[in-house]
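Given next are the chains, with one letter for each unit.
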Amino acid sequence: MEDGTPGRAWYEIVAHVLKRHQVDLVTYVPDNVLRPLLELVHADPFFTAFAVAREEEGLGINAGAWMGGRRSILMMQTSGFATLANALASLTVPFQIPNLMLVSERGTMGEFNIGQQLVARTMRPVLNTLLIESHTLTRLDELEFILDRSIVQAVATQAPCCYILSPLLTGGKVFAA
Amino acid sequence: MAFPPNQPVSREQAKVMNRFDITKRMVALLRNEEAVIGGIGYTNFDLWGAGQRPQNFYMLGSMGLAVPIGMGVALAQPRRKVIALEGDGSILMELGSLATVAARKQKNLTVVIMDNGAYQITGGQTALTAEGADIVAIAKGCGLTQSAWAADESAFEEMIALSLREDGPWLIGCRIDSAKPVETTERDPPILKDRFMRGLGVKGS
Ligand SMILES: Cc1ncc(C[n+]2csc(CCOP(=O)(O)OP(=O)(O)O)c2C)c(N)n1
């Protein structure tokens, strides 16, 4: 299995690396770009995947799961990340919980929705202010390495990590003019 | 399974109890290292006051997340029973989490709502529960069919015992008075987490 090599789609690589690190619980609020990844984890019995009502609910579930000995990831779009500041600042960061987050980046490179464009600008300042490690995923050839190493680091240092899924990698959502 | 049929049909009919008293009664019924998550507000202060068990988690600041955190622990450790204690103001902020618990049919999770009709810790401002929102009815509407108000203290004890014995998810609504909590939780998050993870056997003791 040549994961990380061209020929595998980004979502196949993500699912593969999550599996390798026993990240088997996926909570999410849906996003169109995430759709193939969500379909993949739903179809694979290794994963327990379900939608939650709010992103912070997913963060809470994942924090509880970590304390109970289970690894997980929360998937969402940028507008969803914008609802997380309080939960990150009161739960994830002070309790030193290695919450993994995957954010489908909206609001840039051809965005058509002005709300998405504005809310996207709040994401990196929040991550930086809370000193949360983040990686913008832009290249297929780097994807496996970044995910693999940073999951190891998150667990070892008990620190959260946020992956920003760039349109450069996924193609993003295209404005149908 | 279901709660016995003699439960109050509405919030108005439930006896107003005392949070510390019923928290102690609940803790006294724990025999199998059940996990207990204390929500924000006075709920976790009285859990702290009722005796610090290594299987207790005291959530600080993340209003509304006691049920999700409990759900996560329950997902990670399906053979351990988990109880999430949450204030009425807090659960009003995260009602969707009740639907998630119902949809997942989380067998090992019990939710206990401490309903004083107010945001007590921030000064006692009226909450929507005092103006007609019935958390048990809402829970049932979310699909949590095994939800009921506790008629009084002995009914509460019976309901807790039943929820620890039989498959959930369960939700127990408790009307409580406005007495102040007996103690204050120590605010040291990494230590609270470390003790909890050791209490759950995730980290070596
Ligand atoms: C998101 C958010 N909004 C507001 C607050 C402030 N706050 C902290 S506790 C609390 C009231 C909690 O009410 P309830 O859950 O009913 O518990 P009680 O104080 O009655 O024990 C509020 C409004 C907060 N911590 N987080």
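Heads up: the structure comes first, above all this text.
The written sequence of each chain sets the order in which its residues are numbered from 1. Lettering of chains starts at A and numbering of ligands starts at 1, both following the order in which they are written. Given that this is a predicted model, residues contribute local features only at a pLDDT of at least 70 and side-chain atom pairs are listed and counted only at 80 or more, while totals for whole chains, interfaces and linings are drawn from all residues. To obtain the side-chain values, all non-hydrogen atoms of the structure were used and water was disregarded.

**Student:** What is the right way to read the interface of chain B and chain A from this model?
**Tutor:** By convention, interface size is frequently given as the accessible area that disappears when the constituent parts associate. Contacts between the two partners involve 29 residues from chain B, matched on the other side by 27 residues from chain A. Throughout, buried area stands for the accessible area (probe radius 1.4 Å) lost by two parts on being put together, summed over both. Here chain B packs against chain A, burying approximately 2200 Å² in sum over the two surfaces, 66% of which is carbon and sulfur. Counting the surface chain B buries against chain A, the share from its top three residues, B:Leu65, B:Leu75 and B:Lys193, is 22%. Think of a polar contact as two N or O atoms within 3.5 Å of one another; within protein, one of them needs to be a possible hydrogen donor and the other a possible acceptor, and neighboring residues in sequence only count if both atoms come from side chains. In this assembly, chain B and chain A are joined by seven residue pairs in polar contact (both at pLDDT 80 or more). For the side of chain B that touches chain A, the elements supplying multiple residues, two or more each, are strand 2 (56–58), helix 3 (66–76), helix 5 (96–104) and helix 8 (189–199) of chain B. What counts as a helix is a DSSP run of H or I of at least four residues, what counts as a strand is a run of E of at least two, and both are numbered from the N terminus. Per-element accounting of the side of chain B that touches chain A gives the leading share, seven residues, to helix 3 of chain B. Looking at the side of chain B that touches chain A, its residues break down into 18 nonpolar, seven polar and four charged. Contacts are assigned to residue pairs that have any heavy atoms within 4.5 Å of one another. By the convention adopted, Pro, Cys, Tyr, Trp, Phe, Met, Ile, Leu, Val and Ala count as nonpolar, Lys, Arg, Asp and Glu as charged, and the other residues, Gly among them, as polar.

**Student:** Mind showing me how you'd approach the packing of aromatic side chains here?
**Tutor:** Two aromatic rings, taken as a pair, are described by how far apart their centres are and by the angle between their planes. Working definition: rings of Phe, Tyr and Trp (its six-membered ring) pair if their centres are within 6.5 Å, and the pair is stacked with planes under 30 degrees apart, edge-to-face with planes over 60 apart, and tilted otherwise. Following the criterion strictly, the structure yields seven aromatic pairs over all chains and no others. Note on A:Phe46 and A:Phe47: the rings are 4.9 Å apart at their centroids and 90 degrees apart in plane angle, and the pair reads as edge-to-face. Buried residues are those whose accessible area, probed at 1.4 Å on protein chains only, stays under 20% of the maximum for their type, while exposed residues exceed 50% and partly exposed ones sit between those limits. On the basis of relative accessibility, which here comes to 7%, the residue A:Phe47 falls in the buried class. Aromatic pair A:Phe95 and B:Phe57: ring centres 5.1 Å apart, planes at 55 degrees, arrangement tilted. Taken together, the residues A:Phe95 in the loop between helix 5 (85–92) and strand 4 (100–104) and B:Phe57 in strand 2 connect one chain to another. A single burial state applies to A:Phe95 and to B:Phe57, both of which are buried. Here the aromatic cluster, defined as three or more aromatic residues joined through ring pairs, consists of A:Phe95, B:Phe57 and B:Phe196.

**Student:** Explain the sheet that holds strand 8 (residues 170–175) of chain B here, please?
**Tutor:** All names here are of chain B. A pair of strands is labelled paired if DSSP reports no fewer than 2 bridges between them. Read across the sheet, six strands follow the order 2-1-3-4-8-7 without closing on themselves; strand pairing throughout is parallel. Each end of this open sheet is capped by a strand with a single partner; those strands are strand 2 and strand 7 (147–149). With strand direction ignored, the average angle separating the axes of adjacent strands in the sheet is 15 degrees. The strands touched by helix 2 (residues 42–49) within the sheet are strand 1 (35–38), strand 2, strand 3 (82–87) and strand 4 (109–115), with strand 2 carrying the most contacts at an inclination of about 140 degrees. Sheet strands in contact with helix 7 (residues 153–165) are strand 3, strand 4, strand 7 and strand 8, and its direction is about 165 degrees off that of strand 8. A fitted line through C-alpha atoms serves as each axis, taken over the contacting stretch for helices, and the angle formed by two N-to-C directions is quoted from 0 to 180°.

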